[in-house]
Amino acid sequence: MTKSDMTSDMAPARPKLFIEHLSVVFNDDIPAAIGDVSLQIAEGEFVAIVGPSGCGKSTLLKVVAGLQAARSGTVEVARAPGGRDPKIGFMFQRDTLLPWATVTSNISVGCELSGVPKDKHAERIASLISLVRLQGYENHYPSALSGGMRQRVSLARLLAFEPDLYLMDEPFGALDYQTKIVMGRELLRIWEASRRSIVFVTHDIEEAVALADRVIVMGARPGRIVASHDVMFERPRDPRSLRGDPRFGSLVQTIWSELAIDD
Ligand SMILES: Nc1ncnc2c1ncn2[C@@H]1O[C@H](COP(=O)(O)OP(=O)(O)OP(=O)(O)O)[C@@H](O)[C@H]1O
Ligand SMILES: [Mg+2]
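Residues numbered from 1 in each chain as written. Chains lettered and ligands numbered in written order. Predicted model: local features only at pLDDT ≥ 70, side-chain atom pairs only at ≥ 80, totals over all residues. Heavy atoms only, no water.

(A) Here's a closer look at the overall build of the protein chain. Counting secondary structure elements, the protein chain contains nine helices and nine strands. The C-alpha extent of the protein chain, read off along each of the three principal axes, is 55 × 50 × 45 Å. Residues counted as buried form 49% of the 263 residues belonging to the protein chain. Contacts in the protein chain between residues at least 24 apart in sequence constitute 71% of all its contacts with a sequence separation of at least 6. Positive and negative side-chain charges of the protein chain, numbering 30 and 33 respectively, have mean locations separated by a distance of 4 Å. (Helix = DSSP H or I, 4+ residues; strand = E, 2+ residues; numbered from the N terminus. Buried < 20%, exposed > 50% of the residue type's maximum accessible area, 1.4 Å probe, protein only. Contact = heavy atoms within 4.5 Å. Lys, Arg positive; Asp, Glu negative; His and termini not counted. Charge placed at Lys NZ, Arg CZ, Asp CG, Glu CD.)

(B) Representation of the packing of aromatic side chains. By the definition in use, this model includes five aromatic pairs. Ring geometry for F46 and W191: centres 5.6 Å apart, planes at 75 degrees, overall edge-to-face. In this pair, F46 is assigned in strand β3 (residues 46–50) and W191 in helix α6 (residues 177–194), connecting sequence segments 145 residues apart. The pair F46 / W191 is uniform in exposure class, with both members buried. Clustering of aromatic rings is evident, with ring pairs tying together F46, F172, W191 and F200. For K87, the ring lying beneath its charged end belongs to F161, and the centroid distance is 5.3 Å. (Phe/Tyr/Trp six-rings, centres within 6.5 Å; stacked < 30°, edge-to-face > 60°. Lys NZ or Arg CZ within 6 Å of the ring centre and 35° of its normal.)

(C) Inspection of helix α3 (residues 103–114) at higher detail. Across its twelve residues, α3 extends 17 Å between first and last C-alpha, which sits within 8% of the 16 Å expected from 1.5 Å per residue. All of the buried residues along α3 are V103, N106, I107, S108, G110, C111 and S114. Phi for G115, located one or two positions after α3, is positive at around 90 degrees. (Expected span 1.5 Å × (residues − 1).)

(D) Spotlight on the packing of α3 against helix α4 (residues 121–131). Packing of α3 against α4 leaves a shortest axis separation of 10 Å and a crossing angle of 120 degrees. In terms of their interaxial angle, α3 and α4 are classed as oblique. The element α3 and its partner α4 pack so that their crossing is right-handed. In contact with V103, T104, I107, S108, C111 and E112 of α3, α4 contributes H121, R124, I125, L128 and I129. When grouped by side-chain class, the residues that make up the contact of α3 with α4 number six nonpolar, three polar and two charged. (Axes fitted to C-alpha atoms, helices over the stretch in contact; angles between N-to-C directions. Parallel < 35°, antiparallel > 145°, perpendicular 65-115°, else oblique. Left-handed = near helix turned anticlockwise from the far one by under 90°. Nonpolar A, V, L, I, M, F, W, Y, C, P; charged D, E, K, R; others polar.)

(E) A look at the sheet that holds strand β7 (residues 197–201). Strands sit in the order β5-β6-β7-β3-β8-β9 across an open sheet of six strands; the sheet is mixed. One side of each edge strand has no neighbouring strand; the edge strands of this open sheet are β5 (88–91) and β9 (224–230). Each adjacent strand pair in this sheet contributes to an overall mean axis angle of 15 degrees, direction not counted. Summarising the sheet, β3 and β7 pair through four bridges and their orientation is parallel. Within the sheet, the bridge partner assigned to V47 lies in β7 and is V199. (Pairing = 2+ DSSP bridges.)

(F) Main features of the coordination of the magnesium ion (ligand 2). Taken together, the protein donors to the magnesium ion (ligand 2) comprise S58 (OG) and Q93 (OE1), at separations of 2.0 to 2.3 Å. In this pair, S58 sits in helix α2 (residues 57–65) while Q93 sits in the loop between β5 and α3, placing the two residues 35 residues apart along the sequence. Take Q93: its relative accessible area is 44%, and that puts it in the partly exposed class. (Donors = N, O, S within 2.8 Å, 3.2 Å for Na, K, Ca; no water.)

(G) Highlighting the site of ligand 1. Around ligand 1 sit 13 residues, and of these S53, G54, K57, S58 and T59 come closest. At 3.2 Å from an oxygen atom of ligand 1 is found a main-chain nitrogen or oxygen belonging to C55. Calculation on ligand 1 without its partners gives an accessible area of 640 Å², and the protein chains cover 59% of this total. Here the residues of the shell around ligand 1 sort into four nonpolar, seven polar and two charged. (Near = heavy atom within 4 Å. Polar contact = N/O pair within 3.5 Å; in protein donor to acceptor, adjacent residues only side chain to side chain. Areas by Shrake-Rupley, 256 points an atom, 1.4 Å probe, with all protein chains shown as cover.)

This is the structure in structure tokens:
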């Protein structure tokens with residue numbers, strides 16, 4: 001038996017996230033928030049979701065995180081290596097920082113939950129603060145930060161948790177263009193080193209194409225998947241230089257037109 005025969009005999013790798021025939025209904029008098037969505041995300045895959053406001057993107061992430069009940073369907077997150085429960089990290093659309101805690105203390109919550117030994121926390125927090133460019137703000141409270149700065153603290157807290165599955169709901173929505181590009185590049189760098197699965201919701205089609213392996217396009221009323229595109233660019237990527245590639249512009253245009261059809 002050749003090696004390739006052996007490989008083909010092996011069971012296919014389990015997806016990290018398995019969603020089948022999912023539906024979520026908030027009110028029976030209006031179309032389902034999510035109607036019959038099926039989606040599989042592979043171990044280490046970076047998937048972006050785009051779609052009009054109200055099409056169920058946040059609801060989908062909340063169901064995966066166990067924060068929202070489904071009407072019907074299946075949602076499974078594969079176990080982590082060694083058989084432990086998977087750590088699901090959620091970066092919410094609205095920031096959920098603790099208002100009474102400083103930047104350092106907010107990030108330390110992620111460390112506490114991560115299982116990283118306590119004597120490593122201070123070093124880890126310092127490196128994350130530098131990663132999200134918040135040096136000098138360590139002792140500030142969220143109320144003294146801009147929306148974009150709060151979002152960067154949320155990102156640092158998420159990274160401190162070291163999730164097996166990242167659920168990111170418009171994580172860079174409050175950032176200026178330049179910081180968004182820098183944060184996207186940093187996220188890719190971290191992801192390329194650790195290869196955890198990411199579901200990344202965004203309204204920015206260019207950001208989706210620049211970062212993801214696959215872009216899922218959702219439509220509304222009921223919330224559903226209308227298209228899925230594999231992104232052809234090789235890794236590692238520099239999101240900024242990709243934007244000059246004609247294939248980049250062409251995929252962005254295609255996704256634009258799919259979103260327009262649903263208007
Ligand atoms: N807790 C809730 N109770 C009732 N309806 C809800 C609730 N949460 C969401 N919905 C409804 O479900 C639909 C999908 O909402 P969701 O927040 O998932 O949209 P979204 O795609 O994330 O939109 P946006 O891009 O604006 O963030 C909307 O019609 C919304 O009104
Ligand atoms: Mg949302």
